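# Commentary on secondary and tertiary structure
The residues making up each chain are set out below.
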Amino acid sequence: IETTERMGLVGRWRLPTATEWEYACRAGTDSRWFNSNADSDLDEVGWHAGNSGATTREVGQKKPNDWGLYDTHGNVAEWCSDIAGKEGLKRIHKGGSWLMESESTTAAASGSSSVDKKSDGIGLRLVWAPL
């Protein structure tokens, strides 16, 4: 990714590592979802197979975590920079998506897909990394 200047800072945009993604998702909590350990509380913060109506939803309709991040649980799984497998043909994604059951949307859960996969169930959230 190209080096750019943002608000006087030189840096670059990149995918987060899976560890960085989980840290940001949790926002200082240690529960399964940033708001709770109970499946019944997931609907407050995430779109998943049980409440999405089988479609991707507009970002920001659920409650954000304590750091102001929306849709870290469900809606779309988010690519991370980590490679899965020895061949380097798959990349890790975190957060789960609208088509997954609740357990796949926990902060700790992860999946992997082919690096060239295109889906309305996978997206990204970039990190600004100062140089």
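The rules we used
- Residues numbered from 1 in each chain as written.
- Predicted model: local features only at pLDDT ≥ 70, side-chain atom pairs only at ≥ 80, totals over all residues.
- Heavy atoms only, no water.
- Helix = DSSP H or I, 4+ residues; strand = E, 2+ residues; numbered from the N terminus.
- Buried < 20%, exposed > 50% of the residue type's maximum accessible area, 1.4 Å probe, protein only.
- 1 Å grid on protein atoms, 1.4 Å probe; cavity = no way out; pocket = protein on both sides within 12 Å on 5 of 7 lines; lining within 4 Å.
- Points joined across faces, edges and corners; volume = space filled by probe spheres on them.
- Nonpolar A, V, L, I, M, F, W, Y, C, P; charged D, E, K, R; others polar.
- Pairing = 2+ DSSP bridges.
- Disulfide = S-S within 2.5 Å.
- Contact = heavy atoms within 4.5 Å.

So, on to the overall build of the protein. A tally of regular secondary structure across the protein gives one helix and nine strands. Along the protein, helices (α) and strands (β) appear in the sequence β-β-α-β-β-β-β-β-β-β when read from the amino end. Dimensions of the protein along its principal axes, counting C-alpha atoms only, are 45 × 35 × 25 Å. Residue burial in the protein is summarised as follows: out of 131 residues, 39% are buried.

What follows concerns the layout of surface pockets. Within this model, the largest pocket holds a volume of roughly 150 Å³. Lining the largest pocket, in full, are Arg-14, Pro-16, Glu-20, Trp-21, Ala-24, Cys-25, Leu-69, Thr-72, Glu-78, Arg-125, Leu-126 and Val-127. When residues in the lining of the largest pocket are grouped by element, the largest group, four residues, is from helix α1 (residues 18–26). Along the lines of polarity and charge, the residues of the lining of the largest pocket split into seven nonpolar, one polar and four charged.

Right, let's get into the sheet that holds strand β5 (residues 77–84). Whether parallel or antiparallel, the strands of a sheet pair through hydrogen bonds between backbone atoms. Strand order across the open sheet formed by four strands is β7-β6-β5-β8, with mixed pairing between neighbours. The sheet is open, and its two edges are formed by β7 (110–114) and β8 (122–123), each paired on a single side. Bridge count between strand β6 (residues 90–94) and β7: five bridges; the pairing is antiparallel. Following the sheet pairing, Lys-94 is matched in β7 by Ser-110.

What follows is about the state of the cysteines. Scanning the model with the defined rule gives zero disulfides in all. Cysteine Cys-25 shares no disulfide, and the gap to the nearest cysteine sulfur, in Cys-80, comes to 10 Å.

Structurally, the position occupied by Thr-72 is in the loop between β3 (46–47) and β4 (73–74). Contact partners of Thr-72, with chain neighbours within four places excluded, come to Trp-21, Cys-25, Phe-34, Gly-95 and Arg-125.

With that settled, the discussion passes to the environment of Ala-107. Here Ala-107 lies in the loop between β6 and β7. For Ala-107 and Pro-16, which are 91 residues apart along the polypeptide, the C-alpha to C-alpha distance reads 14 Å. With sequence-adjacent residues up to four places away left out, Ala-107 is seen in contact with Trp-21, Glu-22, Cys-25, Arg-26, Arg-32, His-73 and Lys-94.

Honestly, it's all geometry; don't read function into it.
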